[in-house]
Amino acid sequence: MSSPDAATHDPAVRINPSILAADFVNMQAELQRIAAADFVHVDVMDNHFVPNLTFGPQMVERIHATSPVPLDVHLMIDDVDRWAPGYAEIGAASVTFHAEATSEPVALARRLRSLGARAGIALKPATPVEPLFDVLDEFDQILVMTVEPGFGGQSFMADMMPKLRLLADECHRRGSAVWLQVDGGISPSTIEQAAAAGADTFVAGSAVFGADDPEAAIVSLRSLGAHAHRH
């Protein structure tokens, strides 16, 4: 298993293409198209926590074996306390679980870290961020959903920006190094807004896989995000 921190050259902004927008039949070739990315975002859905079904551990393990970049696994499943550690064990560099699906988020994050993965926690649009303020450093990443989780191709929810900004301000106040990720509707027309609100890690699906040149799309998104993040 590779070290989580070997994932990137530690840029100020990270672009994590979502394979929900990839051609599943040609997954290995699709992964090679995004070799310029920082991570590949793998959405695991169970048709219970969200109304869609995607991958299980066996598929994620195969993706890990063939991907040129580390895996950023996003678990949209029930009973993450039971299932999340398995994704760290099969090699995911980062494992993000939903706050709404766990009874012991800090204990689960510590378990994931003990297995060598970065630990992330995700929040649905209606879930407040304030309960995380006192435990920020228990996590390596906080994911603010900018769509309702469950399906790709949804429109960016700009009304999540105050929530993201509140979180970013609190992280700055406390000197936290936690990464702030956004997922949903990220494109050249929305990434700057999210970056300006404090995000530094961006999940993009069709904006990358739907581009004629995915590598150029990744570079462009990273540049747009970095410029807005600095200003």
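What you see is a predicted model; the values in this text were computed from it and never measured. (Residues numbered from 1 in each chain as written. Predicted model: local features only at pLDDT ≥ 70, side-chain atom pairs only at ≥ 80, totals over all residues. Heavy atoms only, no water.)

**Points about unusual backbone geometry**
You will see that Asn 47, though not glycine, has its phi angle at about 65°, which is positive. Within the element layout of this structure, Asn 47 appears in the loop between strand 2 (40–45) and helix 2 (57–66). A positive phi is found at Asp 79, a non-glycine position, where the angle reads about 55°. Tracing the sequence through the fold places Asp 79 in the loop between strand 3 (71–76) and helix 3 (80–89). Residue Asp 79 is classed as partly exposed on the basis of its relative accessible area of 39%. (Helix = DSSP H or I, 4+ residues; strand = E, 2+ residues; numbered from the N terminus. Buried < 20%, exposed > 50% of the residue type's maximum accessible area, 1.4 Å probe, protein only.)

**Overview of the confidence of the model for the protein**
Of all residues in the protein, 94% have pLDDT values of 70 or greater, and the mean over the chain is 93. Counting interchain partners and residues more than four positions distant, the pLDDT-below-50 stretch residues 1–10 has 17 contacts. (pLDDT = per-residue confidence, 0-100. Contact = heavy atoms within 4.5 Å.)

**Some points on the UniProt feature "binding site: substrate" (unreviewed entry) in the protein**
UniProt annotation of "binding site: substrate" (unreviewed entry) refers to Ser 18, His 74, Gly 150, Phe 151, Gly 152, Gly 153, Asp 183, Gly 184, Gly 185, Gly 205 and Ser 206 when read in the numbering used here. Along the chain, Asp 183 falls in strand 7 (residues 179–183). Excluding anything up to four places from it in sequence, Asp 183 contacts His 41, Asp 43, His 74, Leu 143, Val 144, Met 145, Thr 146, Val 147 and Val 203. In terms of polar contacts, Asp 183 uses its side chain to reach the side chain of His 74, at 3.4 Å. Locating Gly 205 in the fold gives a position in the loop between strand 8 (201–204) and helix 7 (206–209). Discounting residues that sit within four places of it in the chain, Gly 205 has contacts with Ser 18, Ala 21 and Gly 210. (UniProt positions renumbered as here; feature names shortened; annotations may be inferred. Polar contact = N/O pair within 3.5 Å; in protein donor to acceptor, adjacent residues only side chain to side chain.)

**Observations concerning the UniProt feature "active site" (unreviewed entry) in the protein**
UniProt annotation of "active site" (unreviewed entry) refers to Asp 43 and Asp 183 when read in the numbering used here. The named residues occupy 141 residues along the chain; their greatest pairwise C-alpha distance, 10.6 Å, places them in one compact cluster. Among the structural elements, Asp 43 can be located in strand 2. Not counting chain neighbours up to four residues away, the residues in contact with Asp 43 comprise Ser 18, Leu 20, Thr 54, Phe 55, His 74, Met 76 and Asp 183. Reaching out from Asp 43, the side chain makes a polar contact with the side chain of His 41 at a distance of 3.1 Å. In this structure the side chain of Asp 183 is engaged in a polar contact, spanning 3.3 Å, whose partner is the side chain of His 41.

**Notes on the packing of helix 3 against helix 4 (residues 105–114)**
Direction vectors running N to C along helix 3 and helix 4 enclose 20°, while the axes themselves pass 9 Å from each other. By the angle between their axes, helix 3 is roughly parallel relative to helix 4. The chirality of how helix 3 crosses helix 4 is right-handed. Across the interface between the two elements, Val 80, Asp 81, Ala 84, Pro 85, Ala 88 and Glu 89 of helix 3 pack against Leu 108, Arg 111 and Leu 112 of helix 4. A per-class count over the contact of helix 3 with helix 4 returns six nonpolar, no polar and three charged. (Axes fitted to C-alpha atoms, helices over the stretch in contact; angles between N-to-C directions. Parallel < 35°, antiparallel > 145°, perpendicular 65-115°, else oblique. Left-handed = near helix turned anticlockwise from the far one by under 90°. Nonpolar A, V, L, I, M, F, W, Y, C, P; charged D, E, K, R; others polar.)

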